[in-house]
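A structural walkthrough
Now for the letters of each chain:
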Amino acid sequence: MMIAFIVIGLAAAPNIKRETFPDIPASMVEVRAAYPGASAEEVENAICQRIEDAVDGVNDIKEVRCEALEGGATAVVEMIDGAGLDRFLNDIKTEVEAIDSFPEEVEAPVISALGRTDYVVSLAVAGPMTPPHLKAYAEQLKDRLQQEGDVSQVTIRGFSDHQIRIEIPALTLRQYGLSVSDVAEVVSRQSIDLPAGALETSARDVLVRFVDERRTAREFENLVVVGGGSGAEIRLGDIARITESFQNEENKIIFNGQRAAMLEITKTRSEDTLTVVDAVKRFIADEDARAPPAVTFSLTRDISSIVRDRLNMLLRNGLQGLALVFLILWLQGRGFRSGWRRACRCRSWAPSSSCGRSATPST
C-alpha cells in the first residue's frame, strides 16, 4: 500500500502548481480614473464621491475604499464571501460606466478584478539612457519577453504618461504673426489618427483610415507651421524647442544610483511560479549578449526564492519521515522474527508450561 501511495505521488508531482500561498478566490474590483492636473481635493469631490454613490446600490458589497491622489483616483470595491465575482464585476462596470457627471477632463475609468494574477518577480533595467529611450527599450524588452512561451503578464513601472512639450518664445511668435492657439491648431490638424470610412467592392469591404499621428519629438519637428506661395515652409522644429518627458517625476525609479525601468512580471492562476522565473532568467542570459553597453539587468523581489525554500523544507521533512517509517518497520520486523525464533525453540525443546521459565525439582 505504501509503495502505491509513493507511485501515485510521483506521478502527480509534475502537475502540481508551486505557489507561495494557496489559491484564494478573487473578491475585489478596482476602478481607476485619471484626472490630469487636478488636486487631491478636486479628485475626491469629482471622482470618489461619484463612484461611491454609483455603486451604493450594487448587491453583495462588503466595503468601498477610494483613494484620491493628485491626477487621479483608485477605488476598490470588496465583495462579500460566497458571491459570484463575474456578476459582481459586471454590476460595478454597469454602474460606473453610467456616470455622466464626471468633469470633461476625467479619462474613461478602467475597471478590473483584483487577484486574478499573482506577483512573481521584477526585472530592473538600468543604463545611461534618457528616460524616453529607456522607456522605448523597456517596451522592446517587454515584447520579446512575452514571446517566451512561459511569460504572459509583464507591466512596465517607473514612468508616468508620456508627454511631448513644445516651447516657442513669444518673440518668435510675434515675428511670424502666430499665436499659441494657431500653433495648437496646426499640431492637432497635422497629427491625427481617424477612420475615413469604407470602400465596398464586390469581393470585400476595405476600411480606410487616415494615420498621421506624431508620437516622437522628431516627428513633430517636421510639421509645417507656415507655408508661403513660393513654396517656402517653416517647420515647427525651426521655431520651437520640442522635448519628450514624463509628467510625474515621483513615478521614476532609481536603482543602484541610475534611472531604471522596472518590468513587473506576474502570472495567471494556471501558470507555475518556478517555470516563469526560470524563463525570465533564460531571457536575461540571452539579452546580456546583445544589450547596449553599460545596460544592466537585475532581478529583484524574487518570490520564487520563498517557494524554493518551502519546497526544499517539505522535501527534507518528507525524506526524514520516510526514513523513520522504514526504520520503525525494520525494527518491528526484526523484533517479530526474534520472537518467532524464540517461540520455535520453546516448542522444540521443552513443554509449553515450562517454556521461558527455569525448572525446579520436585521433592
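The structure under discussion appears in the preceding block.
To keep things clear, this report deals only with the structure shown in the data block. (Residues numbered from 1 in each chain as written. Predicted model: local features only at pLDDT ≥ 70, side-chain atom pairs only at ≥ 80, totals over all residues. Heavy atoms only, no water.)

Things to note about the nonpolar core
Basically, it comes down to this: Take the buried Ala, Val, Leu, Ile, Met, Phe, Trp, Tyr and Cys residues and link them wherever side-chain atoms come within 4.5 Å; each set so joined is a nonpolar core. Partly exposed residues are those whose accessible area sits between 20% and 50% of the maximum for their type, while under 20% is buried and over 50% is exposed, using a 1.4 Å probe and protein chains only. Strands are runs of DSSP state E lasting at least two residues, helices are runs of H or I lasting at least four, and both sets are numbered from the N terminus onward. When checking whether two residues touch, look at their non-hydrogen atoms; a contact exists if any pair is within 4.5 Å.
One finds I47, F88 and I92 to be the most contacted residues of the largest nonpolar core, which totals 29 residues. Among the secondary structure elements, those contributing two or more residues to this core are β1 (28-34), α2 (40-54), β2 (61-69), β3 (72-79), α3 (85-97) and β4 (110-114). No other element matches α2, which puts 6 residues into this core. Not counting the four nearest positions on each side in its chain, I47 is found in contact with A33, Y35, A73, F102 and V106. Listed in part, the 25 residues of the second largest apolar core include V121, V125, V151 and A291.

A few points about the packing of helix α4 (residues 131-146) against helix α9 (residues 273-290)
Short version of the rule: For helices, the fitted axis covers only the stretch in contact; all axes are lines through C-alpha atoms, and the angles between them, taken along N-to-C directions, range from 0 to 180 degrees. For classification purposes, an angle smaller than 35 degrees is called roughly parallel, one larger than 145 roughly antiparallel, one from 65 to 115 roughly perpendicular, and anything else oblique. For any helix crossing, the convention is left-handed if the near helix is rotated counterclockwise from the far helix by under a right angle, and right-handed if that rotation is clockwise. Classification convention: Asp, Glu, Lys, Arg as charged; Ala, Val, Leu, Ile, Met, Phe, Trp, Tyr, Cys, Pro as nonpolar; all other residues, Gly among them, as polar.
Their axes nearest at 11 Å, the elements α4 and α9 cross at an angle of 130°. In this view, α4 runs oblique relative to α9, as classed from their interaxial angle. In the packing of α4 onto α9, the handedness of the crossing is right-handed. Facing α4, whose interface residues are Y137, L141, R144 and L145, α9 presents V280, F283, E287 and R290. Looking at the contact of α4 with α9 residue by residue, the classes come out as 5 nonpolar, no polar and 3 charged.

Quick word on the sheet that holds β3
Defined as follows: Should DSSP find at least two bridges between two strands, the strands are taken to pair.
Taking strand neighbours across the sheet as the criterion, the 4 strands line up as β2-β3-β1-β4 in an open arrangement whose pairing is antiparallel. Each edge of the sheet is formed by a strand with only one pairing partner; in this case those strands are β2 and β4. The mean angle between the axes of side-by-side strands here comes to 15°, regardless of whether they run parallel or antiparallel. Bridging between β1 and β4 involves 5 bridges; their strand directions are antiparallel. In the sheet register, V29 faces β4, and the bridge partner there is A113. The sheet strands contacting α2 are β1, β2 and β3, and the helix crosses β2 at an angle near 160°. Running at roughly 160° to β4, α3 makes contact with β1, β2, β3 and β4 of the sheet.

Points about α3
As a reminder of what qualifies: To estimate the expected span of a helix, subtract one from its residue number and multiply by 1.5 Å.
Across its 13 residues, α3 extends 18 Å between first and last C-alpha, which sits within 8% of the 18 Å expected from 1.5 Å per residue. Each element contacted by the buried residues of α3 is listed here: β1, β2, β3 and β4.

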